[in-house]
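In case you want the letters, here they are:
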Amino acid sequence: MYRNPLNYLPSMLTEKQIEDQQEFERKCISGGLEKLRNNTTKLEEKTYASATVYGSSFVNSILPHLIAYIDKKKEKAKKQGAHLGVIVHKHLIPVESDLQSLLTCKVVFDHVFSPVAKKHSVTTIVTAIGAAIEGECQMRYYETECPALLATLKKNYWHEAKGTESKRVSIQTLMHKTNISPWVHWNKDTKIKVGMFLLDCLMEISGWFEKDHIRKGNKTIKIILPTEKVIKQQDDIMRMAELFSPLAKPMLIPPRNWHALQDGGYYLNDLVKCHELIRRSKHQLIQGEIPYQFINKIQKVSYKLNPFIVEVAKELEEKGISVGKFRPVIQHIIPPKPVDIATNEQARKEWRKSAAIARNKQAAEVRKSCRTRMTMDVVREFEGKEYYIPWSFDYRGRVYPIPNLLTPQDTDFGKSLILFNEGTEITEKGMEWIKFQLATTYGLDKATMKDRLEWIDDYENKALVERVWRDPIGNIADWENADEPWLFLAACNEWYELFYEHRFHTHLPVAIDATCSGLQILAGLAKDASTARMVNVLGSEKPQDAYATIASRSMEAIPERLRPHWDRKATKRCVMTIPYNAKPFSNRSYIREAFKDKDVDVEKEELTSCVSAVRAAMEQVVPGAMDVMKWIEKEISRYIKAGNEEVKWLTPSGFPVTQRLMKRETKIIQTQLMGRCRLAVAGSEAGVDLKHHKNATAPNLIHSLDASLLHLAVMDVDFPIALIHDSVLCRATDMCKLSTLVRKTYMTLFAEHEPLTDFALAIGAEENPPIIGDLKPEAVIDSQYFFC
C-alpha cells in the first residue's frame, strides 16, 4: 500500500536513520571538498592555475581593465620611438589587446601559482607570454596565406587532447610540407620584450604581483610572487567555492520538508546553505501553500534501481560497448613498438604517429565517458537500496532534482535505471500502458493510441521483445536503434516479466508528454480553438500534428526545388521554438540543419523564404498564440521603458515569479589555439536588459503556467509520481487517474482563471490582451492525445 506523502512525516523516521543520512551527507561534503581541492592541485601541478576557480575569477575581474591599460600603453610606446617602440609597433600593435590580455593572464597565473619553483622566474614567464603571442600570430599568418588548408588541418589534426603547443607544432609541420613560405620565428629577445611589456601592464594595473630575488648557487634570479592582497583574495574565493562543493547525491531517507522558516532537502542544508528552494534567485519569497505541498509531496517518493538494467550496463561497461547515451571507456591500444625501432627511422616515425593517434583517441574516450562513469559509480553505491530525491524550483516554478544522477530528469540511460520503490498490482488497463511505453520508446511517439497498443501484437515485434529480454547483449542490434533504447529495454523487461513470467506487481515509471506544451498553454491563454485543435487540447480520433500541418500550409511559399524535401521534420524545431520567442535567425539555422540532414544545400535567400513561409503559416494556423506573443512583447517593452527593472506575476498555484534580467558585460575573445573564450566580466551589471525581457517574458510565462499546471495536478495524487518539466511519470496502473487529473487541471486553470488578464494587470498593460474566446477549456477532458 502506498503511503500518503502528506502524512509521511520525518517524525516517523528513527534517530538511527537520521544519523545515517547525516553521516552520508558529511561524506558528500568532505568528498566534494576533497574533489575541489584535488582538482585545484592537479591544475596547479599541470601549470593550468588559470583554469582553477580562483584563476577564472581573477581573470574575469581584471580583463576589461587590463585591455584598456594595454591600449593606453601601446599608444604611449608608439610615440616614444625607442627600441621598445619598434617592438610594440611590429609585434604588439597588430594583435588585439583583448587577446594579449587573455594570454598574459593565463600564462602569469599558470606560472606564478605552479608548485614548480623554476616557473616563477621572470625570464621564464615573459618568454612564455611572448611565445603564446607568437603562436597566435603564426596561426593568423597561416590563415591569411591559406585559410581553407588551415581549416582542413585543424579539423583533421587538432584532437581535443592536444595542448596549444602540440597544436601549433602539428600545424607548422604540415604547413612546411606545402609551398607556403615558412613562418619567420621570433628570436628569444623579441619574445622577452613582448612578454615583459605585457607582464608590466598586468602588474601595474592589478597590484597582484611583485618582483623579488632569490639566490640559486652563485646566481641571483628574479621571480614573480603573488602579493598578500591576492593571496587573501584567493583564500576568500576558495572558501566561497568550498561552500558550494558538496556532492549532490540521492538521499537514504525522505528529504526534509521545505517551508517558509526552514530549508528543505538535505538534513545538513542549514549548515552548508548551498541548495535553496528557488535556484539562482535573489528573491527567496515566501510561497503559497500549494507550491510547498507540491514539492514536499514529490520528495517523499521513494525509488530503487532496476536490477535488469544495472546488470546489462555492468556487462556492457566491462566489454566497452556503447549504446545510446551509455558510453563506457573504450580502450584504444597503443600498438607495440617495432623490434627495429632503434635503427629503423621510418618504422619509428610510423609507430610514433599511430601511438599518438591511439593516445588522442583514448583521451577523447575518457572525456566522452565521464557521465557514464559517474553514473556507474553512483549505481554501485545505491545498488539494492531504497533512495529519495530532494527537489527545488527555478524562478518560474519549474521543479528540478538537486542531484544530477539517478533522477527522472537524466539521460535515456539514466532514466532507465530508475524504478518506483513502491510497486502496485498490475491491471488490465495497466498492461495497456506498458504496451504504450514499449511502442512509444521504440519510436511510435506520433502514432495513434490504437497503433501503439497493437504494436506488440505483431508477431515480429513480439519476437523482437522476447529476444531483447532473453539476451540483451547478444541482440543489441534489436534495441540500440530505438528512439530511446534504454527505456525501451526497460519496457521490454517489464512487459515480458508481467505477461509471460506472471509477475503481478509493476514498478516501472511510464511517461506521458504534453503535445507541444508551449502552444497548449498559449491556446488556453488566448482561448483559441484553432491553436487548441492543432495541439490536441481538443479531442480527435488521431493525434494532431502541428508540425505536419505547418509544413503543408507553407508548401506553396517554399522555393520549388526544396518542396520534395519539405516535411514535418523540416519545420519541427521552428514550430516548437517560436512559441518560446525564437527569432528568424535561429529559425534559419534550424531549417538549414534539417536540410543538411537530407544532404540538401540551401542558399541564403531560400532560407529566408522558408522562414517567412513557416511564420506566415503559423499566423494562419495558430493565430491566437502568435497574437499573445506579440502583445506580451509590446506591453513588456512599455513596462520596462517606464522604469521598471523586474517583471512580477503570481501563477494560479500561488508561485510568485520574479523576472530580473540585467545587462552584463561579457567579453568574447577568439583565439586560434584555445578556441573561442567567453568571459563574464565580474561586477558588470549595467542596467535592465530590455531586449532580454522582451524575448524572455512569453517563454517564462508559459513555463510558469505549465509548472503551475503540475503543481495543482499533483495535489490530488495519492501514488508515486515523477516529473520532467511538461512530462509526468507514474506506474502503469495509476496512469489513467493521472491522465484524468492533468486534463481536469488544465480545464480548471483556464476555465476558472484568466492567467493572461491577471498578467496584464500585473504589468499595468495599456491594451487588453488578445483573447479570442472560442475555446471551451472543458473540451480537454475528452482529448485522448492531450498528454500521451
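Our subject is the structure listed above.
What counts and how
- Residues numbered from 1 in each chain as written.
- Predicted model: local features only at pLDDT ≥ 70, side-chain atom pairs only at ≥ 80, totals over all residues.
- Heavy atoms only, no water.
- Helix = DSSP H or I, 4+ residues; strand = E, 2+ residues; numbered from the N terminus.
- Contact = heavy atoms within 4.5 Å.
- Disulfide = S-S within 2.5 Å.
- Patch = residues over 30% accessible without salt bridge, like charges linked within 9 Å, V, L, I, M, F, W, Y side chains within 5 Å.
- Areas by Shrake-Rupley, 256 points an atom, 1.4 Å probe, with all protein chains shown as cover.
- Salt bridge = Lys/Arg side-chain N within 4 Å of Asp/Glu carboxyl O.
- Lys, Arg positive; Asp, Glu negative; His and termini not counted.
- Charge placed at Lys NZ, Arg CZ, Asp CG, Glu CD.
- Buried < 20%, exposed > 50% of the residue type's maximum accessible area, 1.4 Å probe, protein only.
- Pairing = 2+ DSSP bridges.

### Notes on the environment of Ile-341
Inference 1: Position of Ile-341 relative to the elements: it lies in the loop between α12 (307-319) and α13 (345-368).
Inference 2: Ile-341 sits 176 residues away from Ser-517 along the chain, and the two C-alpha atoms are 64 Å apart.
Inference 3: Setting aside chain neighbours within four positions, we find Ile-341 in contact with Arg-348 and Trp-351.

### Quick notes on the state of the cysteines
Inference 1: Enumeration over the complete set of coordinates arrives at zero disulfides.
Inference 2: Note on Cys-105: no disulfide assigned, nearest cysteine sulfur contributed by Cys-201 at a separation of 11 Å.
Inference 3: The cysteine Cys-730 is free of any disulfide, with Cys-736 supplying the nearest cysteine sulfur at 9.0 Å.

### Looking at a negative patch on the surface
Inference 1: A contiguous patch of negative charge on the surface is contributed by Asp-597, Asp-599, Asp-601, Glu-603 and Glu-605.
Inference 2: Inspection of the secondary structure puts Asp-597 in helix α25 (residues 584-597).

### A few points about the pairing of strand β12 (residues 656-660)
Inference 1: Buried residues dominate β12, accounting for four of its five residues.
Inference 2: Pairing analysis gives five bridges linking strand β11 (residues 646-650) to β12, with the strands arranged antiparallel. Bridge pairing in β12 places Val-647 opposite Gln-659.
Inference 3: The turn joining β11 and β12, which pair antiparallel and follow one another in sequence, is formed by five residues; a positive phi near 90° is taken by Gly-654.

### Let's talk about the pattern of salt bridges
Inference 1: Scanning all chains against the criterion turns up 41 salt bridges.
Inference 2: Linking Glu-635 and Arg-638 is a salt bridge whose minimum nitrogen-to-oxygen distance equals 2.9 Å. Within this pair, Glu-635 and its partner Arg-638 are both found in helix α27 (residues 623-641), separated by three residues, close to a single helical turn.
Inference 3: Glu-635 sits in the buried class, given a relative accessible area of 2%.
Inference 4: Arg-638 sits in the partly exposed class, given a relative accessible area of 27%.
Inference 5: Where Glu-766 meets Arg-638, a salt bridge forms, and the shortest distance between an N and an O atom there is 3.3 Å. Of the two residues, Glu-766 sits in the segment after α30 (755-762) while Arg-638 sits in helix α27, which places them 128 residues apart along the sequence.
Inference 6: A cluster of three or more residues bridged by salt bridges with shared partners is formed by Lys-634, Glu-635, Arg-638, Glu-766 and Glu-767.

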